[in-house]
Amino acid sequence: MTENPCVWVYAVADDAASAFTAGSIGVGGGAVRPLSAAGLTAIVGGVARSEFGEAALRQNLEDLEWLERTARAHHEVIETVARERPVVPMRLATVYSSDEAAAGMLRERAADLRQALIRLGGRSEWGVKAYVAISDDRADGQQPETADPSAGPGAAYLRRRRAQLAAHRDARQEAMASAQAVHAELDRLSASARLYPPQSPTIADRSGSMALNAAYLVGDDRAEEFEAAVTELAARHGALQLTLTGPWPAYSFVGQDGTEDAR
Amino acid sequence: MSEAPTAIATYHPAIREERVALVDLLDRVLAGGVVIVGDVTLSIADVDLVTVSLRALVTSVSALVEGMDDSREDADGR
């Protein structure tokens, strides 16, 4: 006798999303299906209680491989639906014990969710990160080695090291100012903006430190303009290396209750 | 400086060959997304804690692999 599966919620869309052809496989290998209530449709899938129940979830979230698999499956389902229609994405690990409980959430929050769908319709999220660009010639302090040979290699090393550190500081200050300018410009082109804390260099898997980690909610009709602006800003601000990702489902622009705007 | 490339990488998360960086994805699906606490799942505060410990975990793992790098002096460079 197998226990009842839990219900994993990916996202909420309008009622027409119940036409969403289910059958794709989502988190935990569960089939994805629509669940409608209150004129809304939650995109859900069954997941095993033994893996996604409260205690198991708590443990599994600490397992990086499990987390990656789960996050990617979650994202993929949301992406698929988001290509068709506006969605309000749920945070990872929103799990209910039954369909009735998930439907209850839809009824309870119907007004907020509907508002969020309207706000997010025709808009996508774009991620922009800026890294401090430390070019080799600046970082390595290539001053000639002619000065004061009597001072010995130790002093030369210290001098070089000091120049190096000063160059790093200058590069960083310039980069921070540039990052502010970049953000101001992109903010102007978007409906909403959200700043994330910079990722640490080790997490971000890059050598330069991060000066900006932002998400922008951009009208799909302005996506090209936005991309062009990022390219232009990248060219104008040599102190920064910019990366652009997107379009994403609007993960960063739904608040605690599905309505909160980022500004 | 003249030959500095316009350092811009664009990719579409939906395109499979160019995988979404896990760290970018986690920023969004954990920190973003609607926080509706299901009746089975963890509380909001718990998930935040998980996020924090996860970052610590990732940091310690990559620190082991990469050893020291010069990010140290950038960290609070003044």
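The structure presented is a predicted model; accordingly, all values stated were derived computationally and were not measured.

Novice: Residues and numbers for the overall build of chain B, please.
Specialist: If you tally the helices and strands in chain B, you get three helices and one strand. Along chain B, helices and strands appear, N-terminal first, in the series β-α-α-α. Out of the 78 residues in chain B, the part that is buried amounts to 27%.

Novice: Give me the lowdown on the overall build of chain A, citing residues and values where you can.
Specialist: Regarding its fold elements, chain A presents nine helices and nine strands. Expressed as a percentage of the 263 residues in chain A, the buried residues total 44%. Contacts in chain A between residues at least 24 apart in sequence constitute 77% of all its contacts with a sequence separation of at least 6.

Novice: So what's going on with the environment of A:Ala193? Which residues, and what values?
Specialist: Residue and element names in this part refer to chain A. As for its position among the elements, Ala-193 is in strand E7 (residues 192–195). On the neighbour-count criterion, Ala-193 (21 C-beta atoms within 10 Å) is buried. For the pair formed by Ala-193 and Trp-126, sequence separation is 67 residues and the distance between their alpha carbons is 9.5 Å.

Novice: Talk me through the environment of A:Leu233; I want residue IDs and the actual numbers.
Specialist: Residue and element names in this part refer to chain A. Inspection of the secondary structure assignment puts Leu-233 in helix H9 (residues 223–236). In this structure the C-alpha to C-alpha distance between Leu-233 and Leu-186, which are 47 residues apart in sequence, comes to 9.3 Å. Non-local contacts of Leu-233, meaning those with residues more than four positions away in its chain, are made with Val-182, Glu-185 and Leu-242.

Novice: Account for H9(A), naming residues and giving values.
Specialist: Residue and element names in this part refer to chain A. Across its 14 residues, H9 extends 20 Å between first and last C-alpha, which sits within 8% of the 20 Å expected from 1.5 Å per residue. Listing the buried residues of H9 in full gives Phe-226, Ala-229, Val-230, Leu-233 and Ala-234. Take H9 and look down its axis: the buried residues cluster within an arc of 135°, on one side only. Turned more than 90 degrees off the buried face of H9, the exposed positions are Glu-224, Glu-225 and Ala-228. Among the structural elements, strand E6 (123–132), helix H7 (152–189), strand E8 (210–219) and strand E9 (240–248) are those in contact with the buried residues of H9.

Novice: I'd love a proper account of the domain arrangement of chain A, names of residues and values included.
Specialist: Residue and element names in this part refer to chain A. As assigned here, chain A comprises domain 1 (6–120) and domain 2 (123–253). Domain 1 puts six residues into the contact, and the matching count from domain 2 is five residues. Taken together, the elements giving at least two residues each to the side of domain 1 that touches domain 2 come down to helix H3 (64–84) and strand E4 (87–89). Here the side of domain 1 that touches domain 2 takes three residues from H3, the largest share from any one element. Residues that form the side of domain 1 that touches domain 2 fall into these classes: five nonpolar, no polar and one charged.

Novice: So what's going on with the nonpolar core? Which residues, and what values?
Specialist: Residues and elements named next belong to chain A. Within the largest apolar cluster, 80 residues are counted, with the highest numbers of intra-cluster contacts made by Trp-8, Ala-11, Ile-43, Val-128, Ala-130 and Leu-240. Each of domain 1 (6–120) and domain 2 (123–253) accounts for three or more of the residues forming this core. Discounting chain neighbours no more than four positions away, the residues touching Ala-130 are Ala-179, Val-182, Met-210, Ala-211, Leu-212, Leu-240, Gln-241 and Leu-242.

Novice: Go over the packing of H7(A) against H9(A) with me, naming the residues and quoting the values.
Specialist: Residues and elements named next belong to chain A. The contact between H7 and H9 brings their axes to 10 Å, and the two run at 170°. By the criterion of interaxial angle, the relationship of H7 to H9 is roughly antiparallel. Contacts from Val-182, Glu-185, Leu-186 and Leu-189 of H7 reach H9 at Glu-225, Phe-226, Ala-229 and Leu-233. Considered class by class, the residues forming the contact of H7 with H9 number six nonpolar, no polar and two charged.

Novice: Describe H7(A), naming the residues involved and giving the relevant values.
Specialist: An ideal rise of 1.5 Å per residue puts 56 Å on 38 residues; H7(A) measures up with 56 Å between its terminal C-alpha atoms. Looking only at H7(A), the buried set comprises A:His168, A:Ala171, A:Arg172, A:Ala175, A:Ser178, A:Ala179, A:Val182 and A:Leu186.

Novice: Give me unusual backbone geometry: which residues, what numbers.
Specialist: Residue and element names in this part refer to chain A. Across the junction of Gly-246 and Pro-247, the peptide omega takes the value 0°, indicating a cis bond. With respect to the helices, strands and loops of the structure, Pro-247 is situated in strand E9. Backbone geometry places Ala-38, a non-glycine residue, at a positive phi of 55°. With respect to the helices and strands, Ala-38 occurs in the loop between strand E2 (32–37) and strand E3 (40–47). The phi angle at Ala-93 is positive, at roughly 70°, despite the residue not being glycine.

Novice: Tell me about the confidence of the model for chain B, residues and numbers included.
Specialist: Residue and element names in this part refer to chain B. Confidence in the prediction of chain B, expressed as mean pLDDT, is 53, and 14% of residues score 70 or more. Here helix H3 (residues 71–75) stands out as the least confident element of chain B, with mean pLDDT 38; helix H1 (residues 22–31) is the most confident, with 80. For the stretch residues 1–17, pLDDT sits under 50, and the model shows 25 contacts to residues farther than four places along the chain or on other chains. The low-confidence segment residues 63–78, where pLDDT is below 50, has 14 contacts with residues more than four positions distant or belonging to other chains. In the model output, the complex is listed with pTM 0.76 alongside ipTM 0.77.

Rules behind the numbers
- Residues numbered from 1 in each chain as written.
- Chains lettered and ligands numbered in written order.
- Predicted model: local features only at pLDDT ≥ 70, side-chain atom pairs only at ≥ 80, totals over all residues.
- Helix = DSSP H or I, 4+ residues; strand = E, 2+ residues; numbered from the N terminus.
- Buried ≥ 20, exposed ≤ 12 C-beta atoms within 10 Å, placed from the backbone.
- Contact = placed C-beta atoms within 7 Å.
- Expected span 1.5 Å × (residues − 1).
- Arc of directions from axis to C-beta.
- Domains from an automatic or database assignment.
- Nonpolar A, V, L, I, M, F, W, Y, C, P; charged D, E, K, R; others polar.
- Core = buried A, V, L, I, M, F, W, Y, C linked by C-beta atoms within 7 Å.
- Axes fitted to C-alpha atoms, helices over the stretch in contact; angles between N-to-C directions.
- Parallel < 35°, antiparallel > 145°, perpendicular 65-115°, else oblique.
- pLDDT = per-residue confidence, 0-100.

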